Amino acid sequence: MSTKDTSMRLTGGIDVGNGYVKGVVRGTVDGETVYDSVDLPSAVSSTSRSMPKVPEADAHAMSVAVYDDFFNKFSGSFTTPLVGHSDLRTMGRAALTMRGSKFTQFEVTGTRSKADQELSAVLVLGVFAAKALRDYVRAHRALPEAELRVTVRAGLALPIAEYVQRRSAYAAQFIGALGGADPAVHMVTIKNFSTPVAVRLQFEDVQVLPEGASAQFAIADKGLGLAQALLDDLRVSDPEAAEGLADVTAEALVSVRNTIGVDVGEGTVNFPVFTDGDFNPEAAATLEQGYGTALTNALEQMVTSGHKNLAFANRKQLADFLQTEPSPFTRGRYDIASGFVEEEAGYLCDEIGTRFEDVLVEVGGTTEVVYVYGGGSGPIKELLRPVLQKAAGSTPVLYLDSGYSRHLNREGLFLAATTAEENAKKGKHSTAAA
């Protein structure tokens, strides 16, 4: 094992959704900037065991931590004020198939905030700890002999309904008490290998943005390329709506300053409003339902229907099943499960449409464009687009392709973190979301 320098700095945007964690984290390896993309189910399996049943050999550090998707098989324990127990927790896709463990996912049918569920902290801290180990092993091709000491800058998000009141307190949970002399220390012990690896995380800065608004920042930052893709998609998928935009160019779309976003997540739908280029918290809104609500309700209907072949353990398994192209052997089950979900999604789209109309009452007359995105927007596109377009009238509804929409919030959060970092280097004190 190596005795090289174990201190490092990481900057990341982590979109902790009710369904999936999407993130991008930047580190430095041998003087070169290295980015890691994160895409994992928002779930963990917990057990009182101190180690996995069969830990990986230390000699497999490169193959497991670097060449494989380590974020989706991370196992570790947490010693931090944000996590109540030091149980062994396994994140991501590996958590979906573990037996004999407690499975934890976000609650999407109640009113409890993600910020109040310790799963949020486990996922954020686990992602940064996994990235730290990946970068160390990339550089030294072995596990560290000493504790990894990591300074972190992060961009995180809260639902719009909570953003104004809770953003400072949420950031302070990771950084430490505002104005306090000592920063908070979060210890993560990675236990995938025979030799545990200790990672000490300290947050230098946390930018908290309203969910959905971070995606709007990313749309503006991506500029002409994304704008042209949006117009092309509208002309193919909804020619009638596109007729009124025949003379609209990508340059014109980039310059719009009055927009409404419809950010469809698994547990919430956020409606960020931008007025004259600035986020408008007075007009913005949150619907406390999402695609995960439809999945949960569909699971309940499957149970009462008596279909024995539809025994999904949780909504994450159902979502993963529906996102995979069915084989000839699973086509029948796929079609039946899709039918249950589509019925519940129809009710959800009606709720989204009603809440969207409320937002339009506030700012509809000045709105130039409506953007639709988010991880839950793709599966309900055919149902939701006509509902929104009917409510919007002549205002164009631009539905982002899934290749963009699932990751826009993480891109905006990463942009917030890096902008704050650049401002700090220049001696400026500003909030990226301002």
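Let me sum up the structure you'll find in this document. (Residues numbered from 1 in each chain as written. Predicted model: local features only at pLDDT ≥ 70, side-chain atom pairs only at ≥ 80, totals over all residues. Heavy atoms only, no water.)

For the protein, the helix and strand inventory stands at 14 helices and 17 strands. Expressed along its principal axes, the backbone C-alpha trace of the protein runs to roughly 65 × 60 × 35 Å. Taking all 434 residues of the protein together, 55% fall into the buried category. Expressed as a percentage of contacts within the protein between residues at least 6 apart in sequence, the contacts between residues at least 24 apart total 72%. (Helix = DSSP H or I, 4+ residues; strand = E, 2+ residues; numbered from the N terminus. Buried < 20%, exposed > 50% of the residue type's maximum accessible area, 1.4 Å probe, protein only. Contact = heavy atoms within 4.5 Å.)

As a further point, take the pairing of strand β9 (residues 186–190). Burial of β9 is extensive: four of the five residues sit out of reach of the surface. Here four bridges tie strand β5 (residues 75–79) to β9, and the two strands are oriented antiparallel to one another. Its bridge partner being in β9, T79 is matched across the sheet by M187. Strand direction decides the pairing type here: β9 and strand β10 (residues 197–210), joined by five bridges, are antiparallel. Within β10, the residue paired with I190 across the bridge is V197. (Pairing = 2+ DSSP bridges.)

Here we take up the nonpolar core. One finds F128 and F203 to be the most contacted residues of the largest nonpolar core, which totals 62 residues. Discounting chain neighbours no more than four positions away, the residues touching F128 are L10, G12, I14, V25, V152, R153, A154, L201 and F203. Within the second largest apolar cluster, 42 residues are counted, among which are V273, A283, Y334 and L348. (Core = buried A, V, L, I, M, F, W, Y, C linked by side-chain atoms within 4.5 Å.)

Moving on, we get to the packing of aromatic side chains. According to the stated counting rule, one finds eleven aromatic pairs in the structure shown. Ring geometry for F70 versus F74: centroids 6.4 Å apart, planes at 70°, classification edge-to-face. F74 matches F70 in its accessibility class, with the two residues each being buried. Geometrically, the ring pair formed by Y170 and F174 is edge-to-face, given 5.6 Å between the ring centres and 90° between the ring planes. Remark: F174 and Y170 occur in helix α4 (residues 160–175); sequence separation between them is four residues, near one turn of the helix. (Phe/Tyr/Trp six-rings, centres within 6.5 Å; stacked < 30°, edge-to-face > 60°.)

Let us look at the sheet that holds strand β7 (residues 102–105). The sheet built from ten strands is open, its strands ordered β3-β2-β1-β8-β10-β9-β5-β6-β4-β7 with mixed pairing. Of all the strands in the sheet, just β3 (32–41) and β7 have a single pairing partner and so form its edges. Taking the axes of each pair of neighbouring strands and ignoring which way they run, one obtains an average angle of 30° across the sheet. Packed onto the sheet, helix α14 (residues 408–425) meets β1 (7–16), β2 (20–29), β3, β8 (148–158) and β10 and runs at close to 140° relative to β1. (Axes fitted to C-alpha atoms, helices over the stretch in contact; angles between N-to-C directions.)

Moving on, we get to the packing of helix α11 (residues 331–363) against helix α12 (residues 381–392). The N-to-C vectors of α11 and α12 enclose an angle of 25°; their axes lie 9 Å apart at closest approach. The angle between α11 and α12 falls in the class roughly parallel. When the axes of α11 and α12 are compared, the crossing they make is right-handed. Across from E342, A345, G346, C349, I352, G353, F356, E357 and L360 in α11, the residues of α12 making contact are L383, L384, V387, L388, A391 and A392. Here the contact of α11 with α12 is composed, by residue class, of eleven nonpolar, two polar and two charged. (Parallel < 35°, antiparallel > 145°, perpendicular 65-115°, else oblique. Left-handed = near helix turned anticlockwise from the far one by under 90°. Nonpolar A, V, L, I, M, F, W, Y, C, P; charged D, E, K, R; others polar.)

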